[in-house]
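Examination of the molecular architecture
Single-letter residue listing:
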Amino acid sequence: MFELTNEQRRCFALPLVADTWTKLEVPAGKLDMYDTFAYLDGNVIKKVIQVFDEQPDHELYCEFSVEAELSDDHKQILPKTEKGKPKPFSAANLEKCKRIGMQLTYVRGTVSLSNPTSEVTYYHSAYEGQVIRSLSMLSDWVVRWCDETTEDDLKEIHAFALKGKSHHKYREGDFFRFRINRGLFGYGRILIDYERMRKRGEPFWNIFMGKPLCVAVYRVLTENPSLVPNELQNLKMLPSQMIMDNAFFYGEYEIIGHAELKPQEVNYTVHYGNTIDLHKSGLCYQSGRTYISLEDQKALYNGFINNRIGWTLNINLPILQACIEQGSNDPYWESDFGKGDLRNPAYRRQRIEICRQLGLET
């Protein structure tokens, strides 16, 4: 079974396994696809490892820490308070325990290193465009990560592991910085806060989960974490995208300044299609603050609702690099990111017909 060594754990700021700890296999539920192991210091569970290595392209590894006490017979997880009730010692109940410190997760081909307490991610391999297809490849990746780890990296990641939860304010027009990997940073801008529009009662096609923001990433890659708005404002942007606000609210994407948006900085996502309201019929369109609803018409084309939204930015290093090198957004449009986006030059004909239907300029 794949498992990190203590020397490797040090490079991820994960607590080390003490010689005095014992390792137990945790009873699995009927729906669990992975094996779960717990490290115990006496009767206290200190570390949990989840692993699945029986199906290519679906392998999994997750390591995190908890502080949960077991009964003397190791059959129950004891409650934290007198009012609580013991729970059976099972993988499902262990999954519900509060996680502390750092967590390393490998699932669906990507690796992430995060702090569950602060709800902030330190590293996500998807930003680098890496696809890690097996635990064997993960093992090689871990070796490279550790070989490349410097003393400054160790200090930074161990300080990150100690961070608590904090809440941050953001608004339309804010500039933000995000980490691509340990050495590179990207920058972006918040363009529209649709949750704010909801609260104000402004017309809005409510097709997104969470608290949706429309944001855009600048065409810049740098080792400098201290760029300021004046250095960014005249740079070109990638096409905007929708994202839930969590990474801003918890401070993973750091706000570095603010300025009012200028007309030439308008770069809004476009959403077009038949209404998803089961009690109505008709056609809807949303872009920025422009909302159109036509009850007596149907969409000319399907597939342009473009309501995908996630927790993180939908971009990676190879695409951003290509756009910068070519001085164009063509690499973005030609990638999977551009599929189903009505702004894509590949949909020019459809866009002209749709704009004519809606009475909009192309």
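Quick look at the structure, then.

**Quick notes on the overall build of the protein chain**
- Tallying secondary structure elements over the protein chain gives 10 helices and 17 strands in all.
- C-alpha atoms of the protein chain, sized along the principal axes, occupy 70 × 50 × 40 Å.
- Of all 362 residues assigned to the protein chain, the portion counted as buried reaches 50%.
- Long-range contacts, defined here as pairs at least 24 residues apart, represent 61% of the contacts in the protein chain between residues at least 6 apart.
- Surface summary for the protein chain: the accessible area is close to 19000 Å², and the carbon and sulfur share equals 49%.
- For the protein chain, the centre of its 44 positive side-chain charges and the centre of its 49 negative side-chain charges are spaced 6 Å apart.

**Quick look at the sheet that holds strand β12 (residues 212-217)**
- One open sheet holds the 5 strands; their spatial order is β13-β12-β11-β10-β14, and the pairing between them is antiparallel. Single-partner strands in this sheet number two, and they are β13 (241-244) and β14 (254-258). Pairs of neighbouring strands in the sheet enclose a mean axial angle of 40 degrees, with direction left out of account.
- Strand direction decides the pairing type here: strand β11 (residues 185-193) and β12, joined by 5 bridges, are antiparallel. Following the sheet pairing, Gly 188 is matched in β12 by Val 217.

**Examining the nonpolar core**
- Counting 32 residues, the largest nonpolar core has Phe 12, Tyr 61, Met 102, Leu 113, Leu 138, Trp 141 and Trp 145 as its most contacted members.
- At the level of secondary structure, the elements contributing two or more residues to this core comprise β2 (35-41), β3 (44-52), β7 (100-107), β8 (110-115), β9 (120-124), α3 (135-148) and α4 (151-161).
- No other element matches the 6 residues that α3 contributes to this core.

**A short note on the packing of aromatic side chains**
- Evaluated as defined, the whole model comprises 23 aromatic pairs.
- With 5.9 Å between their ring centres and 20 degrees between their planes, Phe 176 and Tyr 253 make a pair best called stacked. Of this pair, Phe 176 sits in strand β10 (residues 174-179) while Tyr 253 sits in the loop between α7 (246-249) and β14, placing them 77 residues apart in sequence. Just as Phe 176 is buried, Tyr 253 falls in that class too.
- Centroid distance Phe 249 to Tyr 250: 5.1 Å. Interplanar angle 70 degrees. Geometry classified as edge-to-face.
- Given a relative accessible area of 28%, Phe 249 falls into the partly exposed group.
- When its relative accessible area of 15% is taken as the criterion, Tyr 250 is described as buried.
- These aromatic residues form a ring-pair network of at least three members: Tyr 127, Tyr 170, Phe 176, Phe 178, Phe 248 and Tyr 253.
- A cation over a ring is seen here: Arg 182 above Trp 145, with NZ or CZ 3.7 Å from the ring centre.
- Over the face of the ring belonging to Phe 175 we find Arg 189, whose NZ or CZ atom lies 3.9 Å from the ring centre.

**Things to note about the environment of Gly 186**
- Following the sequence through the fold, Gly 186 ends up in strand β11.
- Distance from Gly 186 to Leu 320, taken between C-alpha atoms, is 9.3 Å for residues 134 residues apart in sequence.
- Beyond its immediate stretch of four places on either side in the chain, Gly 186 contacts Phe 176, Arg 177, Phe 178, Ile 180 and Val 220.

**A look at the sheet that holds β2**
- With antiparallel pairing, the 7 strands of this open sheet are ordered in space as β1-β2-β3-β4-β7-β8-β9. Looking at the sheet topology across the chains shown, the edges are occupied by β1 (22-26) and β9. Averaged over all neighbouring strand pairs, the angle between strand axes comes to 25 degrees, with direction disregarded.
- One ladder, built from 4 bridges, connects strand β4 (residues 60-69) with β7; its direction is antiparallel. Following the sheet pairing, Ser 65 is matched in β7 by Ile 100.
- Packed onto the sheet, α4 meets β7, β8 and β9 and runs at close to 145 degrees relative to β9.

**A short note on the side chain of Asn 306**
- Tracing the backbone shows Asn 306 in the loop between β17 (290-294) and α8 (317-326).
- Taking relative accessible area as the criterion, Asn 306 reaches 15% and is therefore assigned buried.

Rules used in this analysis
Residues numbered from 1 in each chain as written. Predicted model: local features only at pLDDT ≥ 70, side-chain atom pairs only at ≥ 80, totals over all residues. Heavy atoms only, no water. Helix = DSSP H or I, 4+ residues; strand = E, 2+ residues; numbered from the N terminus. Buried < 20%, exposed > 50% of the residue type's maximum accessible area, 1.4 Å probe, protein only. Contact = heavy atoms within 4.5 Å. Areas by Shrake-Rupley, 256 points an atom, 1.4 Å probe, with all protein chains shown as cover. Lys, Arg positive; Asp, Glu negative; His and termini not counted. Charge placed at Lys NZ, Arg CZ, Asp CG, Glu CD. Pairing = 2+ DSSP bridges. Axes fitted to C-alpha atoms, helices over the stretch in contact; angles between N-to-C directions. Core = buried A, V, L, I, M, F, W, Y, C linked by side-chain atoms within 4.5 Å. Phe/Tyr/Trp six-rings, centres within 6.5 Å; stacked < 30°, edge-to-face > 60°. Lys NZ or Arg CZ within 6 Å of the ring centre and 35° of its normal.

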